[in-house]
Amino acid sequence: MSLYGSFLSDEQFQCSICLDVFTNPSSTPCGHSFCMGCISRYWDGSKVCQCPLCKKTFQKRPDLKINRTLREITEQFRSMRGGGGVRRENGGGRGEGGYLYNKLKKKLPRPLPKVPVLLSCEAQVESMPTSLAPVTTSLASSVPNQSSIAALDHTSVPPLLPPPFSRSSGRRRFTVSGAASSHSLPVCEIHQRGIMIYCRTDGVCICPECENEDHYDHDTVTVETKWMEVKAQLSVSEKEIQEMIRQRIRKIEEIKESVTELESAVERETAGSVCLFSALVSAIERSQAELMEVMEMSQRAAEHQADAMIRQLELEVEELQRRGSDLAELAQSDDHIHCVKTFPNLSSPPHAKDWSAVSVNSDLGTGTIYRSLAAQVERFHEELKKIADTGFPALVLEPSPVRTQPRIKTIQEYAVNVTLNSDTAHPRLIISEDMKSVRCGDRHQLLPDNLERFDRVICVLGKEAISSGRHYWEVEVGGKTDWDLGVARQSINRKGKIEVTPSNGYWFLSLRDKNKYAFRTEPCTDVHLTLRPNKIGVFVDFEKGQVSFYNVDAKIHIYTFNDTFSECIYPFFSPCGNKSGKNDGPLVITPVNMTE
């Protein structure tokens with residue numbers, strides 16, 4: 001027995017509070033052992049009982065009992081050491097002084113590892129080989145001979161059992177009553193200890209060994225304490241989500257009401273126009289037809305805009321509802337670690353558009369037609385006066401200036417399949433996989449700087465060259481605030497600053513600041529569009545040297561360039577900068593649907 005006793009370490013039987021050999025050892029529910037008197041005094045006067053080692057908090061003070069097995073083992077160890085406990089110098093006694101030393105020893109250099117003890121608990125004694133049974137059963141009666149211990153060569157005797165504890169920063173990890181952590185807790189991959197502590201300094205969940213080694217001077221609390229703090233924030237986040245849902249539901253109702261009011265306005269305008277035109281049917285029949293057409297297109301465009309906004313709002317509502325459901329589910333979860341890790345992502349509101357200033361465009365675009373009609377009616381009255389005085393002259397009325405010239409149905413017969421050429425795209429442009437959509441990103445992409453690529457102007461050319469015949473394509477511009485559309489010559493300059501004029505090989509229509517339309521002539525030609533186009537049609541007659549632009553939804557001709565093409569030209573597209581998200585919508589080349 002003296003041989004085995006030489007491997008015992010006095011620190012395996014020391015209380016972590018008084019740093020002396022156990023006296024009436026008692027084990028806490030978390031599995032750590034202390035002197036009955038030390039742990040009782042440690043908890044006296046405290047509102048919350050907490051384990052001095054792992055910081056496990058007990059809502060109710062545990063009813064501790066003496067661990068009789070550990071007490072017997074401790075008494076045997078006292079006998080092997082010649083009786084009495086072994087005290088540490090510099091603060092090793094019982095009471096507050098010993099506990100203070102235990103708290104301060106984190107700051108001291110880590111001691112060298114001790115030789116592992118052979119005896120840890122009854123379970124390990126029972127699991128020893130049968131050949132060692134006589135030795136272990138004689139533990140109480142065998143006292144090692146000091147001279148034989150001194151003469152023993154420790155290096156020649158291998159340990160007979162695996163070390164039942166680990167040392168870190170001077171703290172023991174030896175228990176008799178069970179493991180230090182519950183089987184339901186996640187286990188630290190490094191120390192194989194239960195994760196039960198949260199470090200506020202680093203924002204991570206750790207085990208007691210991690211706290212001793214890497215977080216000894218950090219602000220730490222139990223995971224349960226951190227979860228109670230997080231749970232208090234859940235209700236605030238849920239209220240914010242619910243308020244955002246209510247705001248968007250109200251906005252959906254407002255948009256639906258706007259569409260209903262718009263339908264009523266169209267009905268009123270239609271009835272009024274019928275009464276107005278009834279006296280001048282023979283003179284202004286064409287104007288009436290055009291008025292009805294424009295109102296129908298305005299209603300269709302407004303409904304399309306409302307549908308798009310409703311779809312986007314419904315998607316945001318679904319996302320917010322999902323976020324609210326996740327928060328509610330998180331509030332009911334017992335997995336504290338998962339809750340602490342998941343809550344930061346769920347608590348922050350998702351990226352959502354500010355809908356406060358959004359509304360459906362209720363402008364019917366009939367003002368121009370009414371003003372033209374008023375002039376015609378005035379001339380009609382003048383002609384009536386002349387008829388009353390001098391007889392009936394030939395009545396000539398000027399046609400309405402709002403006209404689809406030529407008819408869009410005719411040019412749509414020349415529709416071609418246009419795709420984007422990614423080799424010419426500016427590095428900030430993001431092109432869809434089908435090469436039919438382009439938008440401006442936030443930063444430059446790593447792309448080769450080839451000769452075809454624009455390096456300063458944010459634009460891209462079409463892949464299909466135009467060298468003869470007639471060609472037509474349509475581009476959806478949606479709610480963008482800035483864009484350029486048209487054609488460009490093959491030999492244009494693509495590097496550095498570019499003067500975009502017909503003389504330099506550019507023919508296109510531009511939009512700036514949401515409502516400023518212009519053609520890049522010399523000087524620029526401003527154009528006032530009563531109806532804001534949602535889709536632009538571009539028609540090229542190469543032999544005639546014409547580039548024409550149309551409002552597809554309203555079926556209205558906008559402008560025509562007349563020039564001479566001496567080389568190939570290509571479709572030209574520029575979504576312009578995204579203006580911090582205000583102009584981040586794409587330009588989309590859409591299929592051509594024949595207009596009736």
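Quick caveat: nothing in here was measured; it's all calculated off a predicted structure.

Novice: Before we move on, could you go through the overall build of the chain and cite the residues and values that matter?
Specialist: When helices and strands are tallied, the chain shows 13 helices and 20 strands. The buried share of the chain, taken over its 596 residues, is 44%. Here the chain has roughly 31700 Å² of accessible surface; of this, 51% comes from carbon and sulfur atoms.

Novice: Before we move on, could you go through the environment of T410 and cite the residues and values that matter?
Specialist: Along the chain, T410 falls in helix α13 (residues 408-411). Along the primary structure T410 and M594 are separated by 184 residues, whereas in three dimensions their C-alpha atoms are 9.1 Å apart.

Novice: An account of the sheet that holds strand β19 (residues 569-574) is needed here, citing residue identities and associated values.
Specialist: Read across the open sheet, the six strands follow the order β10-β19-β12-β13-β14-β15; overall the sheet is antiparallel. Strand pairing shows two members of the sheet lacking a second neighbour, β10 (460-461) and β15 (525-527), which therefore form its edges. Bridge count between β10 and β19: two bridges; the pairing is antiparallel. The residue bridging L461 from the neighbouring strand is F572, located in β19.

Novice: Break down the packing of aromatic side chains for me, with residues and values.
Specialist: For the structure on display, the rule yields 14 aromatic pairs. Where F13 meets F77, the ring centres are 4.5 Å apart and the plane angle is 25°; that geometry is what we call stacked. Of the two residues, F13 is situated in the loop between α1 (2-5) and β1 (25-27) and F77 in helix α3 (residues 68-80); the sequence distance between them amounts to 64 residues. For F77, a relative accessible area of 2% puts it in the buried group. Pairing W43 with F58 gives two aromatic rings, centres 6.1 Å apart and planes at 70°, and the pair type is edge-to-face.

Novice: Pulling in residues and values, what's your account of the nonpolar core?
Specialist: Ranked by internal contacts, the top residues of the largest apolar core, which has 34 residues, are W473, W483, I536, V547, F549 and F573. Formed by 30 residues, the second largest nonpolar core is a distinct cluster that contains I17, F22, C199 and V340.

Novice: With reference to specific residues and values, describe the pattern of salt bridges.
Specialist: Tallied over the full model, the rule gives 21 salt bridges. Note that E209 is salt-bridged to R193, the shortest N-O span being 3.6 Å. Of this pair, E209 sits in helix α8 (residues 208-214) while R193 sits in the loop between α7 (146-151) and β5 (197-199), and the two are 16 residues apart along the sequence. Of the two residues examined, E209 and R193, each falls in the buried class. Between R200 and D219 there is a salt bridge, and its shortest N-O distance comes to 3.7 Å. In this pair, R200 is assigned in the loop between β5 and β6 (204-206) and D219 in the loop between α8 and β7 (220-222), connecting sequence segments 19 residues apart. According to the relative accessible area criterion, D219 is partly exposed, its value standing at 39%. Within this structure, R200, D219, K226 and E229 form a network of salt bridges that share partners.

Novice: Any chance you could break down the side chain of T590 for me, citing the residues and the numbers?
Specialist: Positionally, T590 belongs in strand β20 (residues 587-590). Discounting residues that sit within four places of it in the chain, T590 has contacts with E474, E476 and K535.

Novice: Pulling in residues and values, what's your account of the pairing of β20?
Specialist: Bridge analysis of strand β9 (residues 437-440) against β20 gives two bridges, and the strand direction is antiparallel. Counted as the bridge partner of S437 is V588 from β20. Judged from the three bridges that link them, strand β11 (residues 470-476) and β20 form a sheet pairing that is antiparallel. Bridge assignment links E476 to a residue of β20, and that residue is V588.

Novice: Break down the sheet that holds β6 for me, with residues and values.
Specialist: The three strands are arranged β6-β5-β7 in an open sheet whose pairing can be described as antiparallel. With partners counted over all chains shown, the strands left at the sheet margins are β6 and β7, one partner each. Taking each pair of neighbouring strands and ignoring which way they run, the sheet shows an average axis angle of 35°. Judged from the three bridges that link them, β5 and β7 form a sheet pairing that is antiparallel. Looking across to β7, one finds that C199 is bridged to T220.

Novice: Before we move on, can you summarise the environment of E303 with the specific residues and values?
Specialist: Among the structural elements, E303 can be located in helix α10 (residues 281-332). Residue classification places E303 among the partly exposed positions, given a relative accessible area of 26%. Discounting residues that sit within four places of it in the chain, E303 has contacts with V259 and E263.

Analysis parameters
Residues numbered from 1 in each chain as written. Predicted model: local features only at pLDDT ≥ 70, side-chain atom pairs only at ≥ 80, totals over all residues. Heavy atoms only, no water. Helix = DSSP H or I, 4+ residues; strand = E, 2+ residues; numbered from the N terminus. Buried < 20%, exposed > 50% of the residue type's maximum accessible area, 1.4 Å probe, protein only. Areas by Shrake-Rupley, 256 points an atom, 1.4 Å probe, with all protein chains shown as cover. Pairing = 2+ DSSP bridges. Phe/Tyr/Trp six-rings, centres within 6.5 Å; stacked < 30°, edge-to-face > 60°. Core = buried A, V, L, I, M, F, W, Y, C linked by side-chain atoms within 4.5 Å. Salt bridge = Lys/Arg side-chain N within 4 Å of Asp/Glu carboxyl O. Contact = heavy atoms within 4.5 Å. Axes fitted to C-alpha atoms, helices over the stretch in contact; angles between N-to-C directions.

Treat this as a map of the structure, not an account of what it does.
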